[in-house]
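Spelled out, the chains give:
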Amino acid sequence: MKITVHGGAREIGGSCIGVQTKDCKIALDYGTKFEESSSNHFPEDFDAVIISHAHLDHSGQLLSLSKKKPVIVGSKITREVTVALLKDMIKVQNQNDYNYPYFPHNANAISRHWWVRDYVALPGMTIKLHPAGHVAGARMTRLNAENKEVLYTGDFCVHDSEILEGCNIEALPKKPDVLIAESTYGGKVRSPRNELIDEFFMRVLTAMERKGNVLIPTFAFHRSQEMAKRIDDAVKNGLLPRYHVYTISNLANKITGYFNENKEFFIKKIQRQKQPFKYSHVKHLYRTGQIKEPAVVICTSGFGHAGASLRLLKDWAEDENNLVLLTSGYLPPDSPLKYAKEERKFRNNGDEISVKAEIEQIELSGHADQLELVQMVEKLKPKRTILVHGDIEQSQALSKEIQEMTEVCIPEKGETIAI
Ligand SMILES: [Zn+2]
C-alpha cells in the first residue's frame, strides 16, 4: 500500500491524500487552498474519493472531477453542504473570471455521483466512516486493505459543543498500522471550553453595555448556526439582554435549512426540538443596510475577505465602542482581519483604515488541541502516525509529545510513504 500526501502537507488548506493498493486507488479529501481557488492539480484517476467534511479545504477541488465521475463517499449533510458551497464558489468565480470553467451543472454532477454511506466495499478494500465531531456530518475514514488498517482523522474534535457531539475515541480501531492525523493545534493547549464560552459572553455583554456594535465574522457552514444558537439561547436564558442580533449570509441561511431538516446529526437535545435552528432573538437579514444599530452581527466571510464582514469591518473599525470577535484560531496571511488585529490598521481599495475598535480572538473552533491529539495517540496506539493539516511548527510540537508512543512522519507535499 502506498500513501501519497498530495496536499495539506505542512500547511492548512488543499487537503488530499492518495491511497493506492494493487486493486484500487482512492483519495481522502479533495480540497482547495484558502488563498487560491483552483491552484491544486491533484491526480484525477481515483476510483473513489472520500470527503471527510464539507469545508472547502477538504472538498473544494471536487469540481475538477465532475467529468471523471469517480464514486464520492461522505455523509448526507456533507454532500448537501458541499454542493451548496461549490455552487456559491462557482457564482463568485464566474463574476470575477469570464474563463472560469465550471457552472452549477458541474456541482450537480458531484451530487449525483455521491454515495451517502457509512460503509463501502471497493475492490480489495473496505471503508468505514466514524463521526469526527468538528462540524455537522464530519467523518473519520477507517480503511482496511492488504491486511493493513489506516485511520484518517480529517478535522476532528473530541470535546462536545453546544450542538454537536465530539468524536468517541473508544469507538475507533485500536493499534491501526497508520494514523493520519490533523495537527492544526498540535502545539497548542486550549483553555477549557466552558471558560472560553464565559469569556465570549463577557466580551459581548461589555460591548452591549457601552451600546457598541459587535461583529462576529463566521463561516457560513456550522459556525454560523452554532453561534446564532448560542446567542439565541443566551438571550432566552437571560444571560444576555435583548439587543438587535442578526445573521447576514444567504448561504448560511440555506445551510440553516439543511440543519433543521437533518437533526439526527446533532446532540439529543437538538433532536428533541422541532425546529432547533429557528431562532427567536436572531433575525436573518439580506443586506447590511437593514441593520438597526447597535447590533450584534454574525456574518460571512469568516476571514473578513469579502461580503458583509468586510463591509462592517470597514464601517465599525474606527469606533472604540465596537467589538470584533474572532472565533477561529487561524487567519490566512493576507486576511484584512489579521492586519486589523495585529497592525491595528488595514488597507481596502487603496484606503488605509485605522482600527480603534476592540478586536478579540476567542478560539471556539472545532479542532482537537494538543491534549486531545496526544490522548488519541495514547488510546489508539498506532504503529505509525502521519501528521498533516498543520503548519510545520504545530506538527513538530505534536511530534515531540507522541514520538515515544508511535513512529511519526511529517511528510512534504507529494511525498509517498510505502507501508
Ligand atoms: Zn474543517
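Here we summarise the structure given alongside this text.

Definitions and limits used
Here the residue numbers are simple positions, counted from 1 along each chain's written sequence. Confidence filtering applies because this is a predicted model: local features only for residues at pLDDT of at least 70, side-chain atom pairs given and counted only at 80 or more, and all residues used for totals across whole chains, interfaces and linings. Based on all heavy atoms of the structure, the side-chain values leave hydrogens and waters out of the count. Relative accessibility thresholds used throughout: buried, under 20% of the residue-type maximum; exposed, over 50%; partly exposed, between the two (1.4 Å probe, protein chains only). Helix and strand assignments come from DSSP, with helices taken as H or I runs of at least 4 residues and strands as E runs of at least 2, each series counted from the N terminus. In short, DSSP must find at least two bridges between two strands for them to pair. By definition here, a salt bridge exists when the distance from a side-chain nitrogen of Lys or Arg to a carboxyl oxygen of Asp or Glu is within 4 Å. Distances up to 2.8 Å from the metal define which N, O and S atoms are donors, and 3.2 Å serves for Na, K and Ca; water is absent from the atom set, so sites may look incomplete. A four-donor site is classed as tetrahedral when every donor-metal-donor angle falls between 85 and 135 degrees; four donors are called square planar, and six octahedral, when trans pairs exceed 155 degrees and all remaining angles lie between 65 and 115, with any other arrangement labelled irregular. Angular values range over 0 to 180 degrees, each being the angle between N-to-C directions of two axes fitted as lines to C-alpha atoms, with helices fitted over their stretch in contact. Throughout, a residue-residue contact means that at least one pair of heavy atoms, one from each residue, lies within 4.5 Å. To qualify as a nonpolar core, a set must consist of buried Ala, Val, Leu, Ile, Met, Phe, Trp, Tyr and Cys residues joined through side-chain atoms within 4.5 Å. One fewer than the residue count of a helix, multiplied by 1.5 Å, yields its expected span.

What follows deals with the pairing of strand β9 (residues 139-145). Of all seven residues making up β9, five are buried, and the element is well covered by its neighbours. In the sheet, strand β8 (residues 125-131) pairs with β9 via seven bridges, with the strands oriented antiparallel. Note on β9: the bridge partner recorded for Met125 is Ala145. Sheet topology note: the β9/strand β10 (residues 148-152) ladder contains five bridges and is antiparallel.

As a further point, take the pattern of salt bridges. Under the criterion given, the structure shown has 23 salt bridges. Arg193 serves as the salt-bridge partner of Glu226, at 3.8 Å between the closest nitrogen and oxygen. A residue pair is termed long-range when its members are at least 10 positions apart, and Glu226 in helix α5 (residues 223-236) and Arg193 in helix α4 (residues 193-209) qualify at 33 residues. Since its relative accessible area comes to 16%, Arg193 is described here as buried. Where Glu360 meets Arg203, a salt bridge forms, and the shortest distance between an N and an O atom there is 3.5 Å. Of this pair, Glu360 sits in strand β19 (residues 358-361) while Arg203 is found in helix α4, placing the two residues 157 residues apart along the sequence.

Under ideal tetrahedral coordination, the four donors around a metal are separated by 109.5 degrees; under ideal octahedral coordination, the six donors are separated by 90 or 180 degrees. Taken together, the protein ligands of the zinc ion are His53 (NE2), His55 (ND1), His134 (NE2) and Asp155 (OD), with distances of 2.2 to 2.3 Å. Each of the four donor atoms around the zinc ion contributes to a set of angles spanning 91 to 169°, which defines the coordination as irregular.

Right, let's get into unusual backbone geometry. Between Glu293 and the following residue, Pro294, the backbone shows a cis peptide bond with an omega angle of -5°. Its location among the elements puts Pro294 in the loop between β14 (283-285) and β15 (295-299). In this model, Glu146 sits at a positive phi of 50°, which is unusual for a non-glycine residue. Within the fold, Glu146 resides in the loop between β9 and β10. Unlike most non-glycine residues, Asn147 shows phi in positive territory, near 60°.

Read from one edge of the open sheet, seven strands run β6-β5-β4-β3-β2-β1-β22, paired in mixed fashion. At either end of the open sheet lies a strand with only one pairing partner, and these are β6 (114-116) and β22 (416-418). For this sheet, the mean angle separating the axes of adjacent strands, direction not counted, is 25°. Bridge count between strand β1 (residues 2-7) and β22: three bridges; the pairing is antiparallel. When the sheet's bridge partners are listed, Thr4 is paired in β22 with Thr416. Sheet strands in contact with helix α2 (residues 76-96) are β5 (71-74) and β6, and its direction is about 145° off that of β6.

Moving on, we come to the nonpolar core. The biggest cluster of nonpolar side chains holds 67 residues, and the ones touching the most others in it are Phe200 and Ile231. Ranked by residue count, the leading element in this core is α4, at seven residues.

The next subject is α5. If you check α5, its first and last C-alpha atoms are 20 Å apart, about what 14 residues at 1.5 Å a residue would give, namely 20 Å. Of all 14 residues in α5, twelve are buried, a share of seventy percent or more. Within α5, burial applies to Arg223, Ser224, Gln225, Glu226, Met227, Ala228, Lys229, Arg230, Ile231, Asp232, Ala234 and Val235. Lining the buried residues of α5 we find α4, β12 (214-217), β13 (244-248), α6 (250-261), α7 (268-272) and β15.

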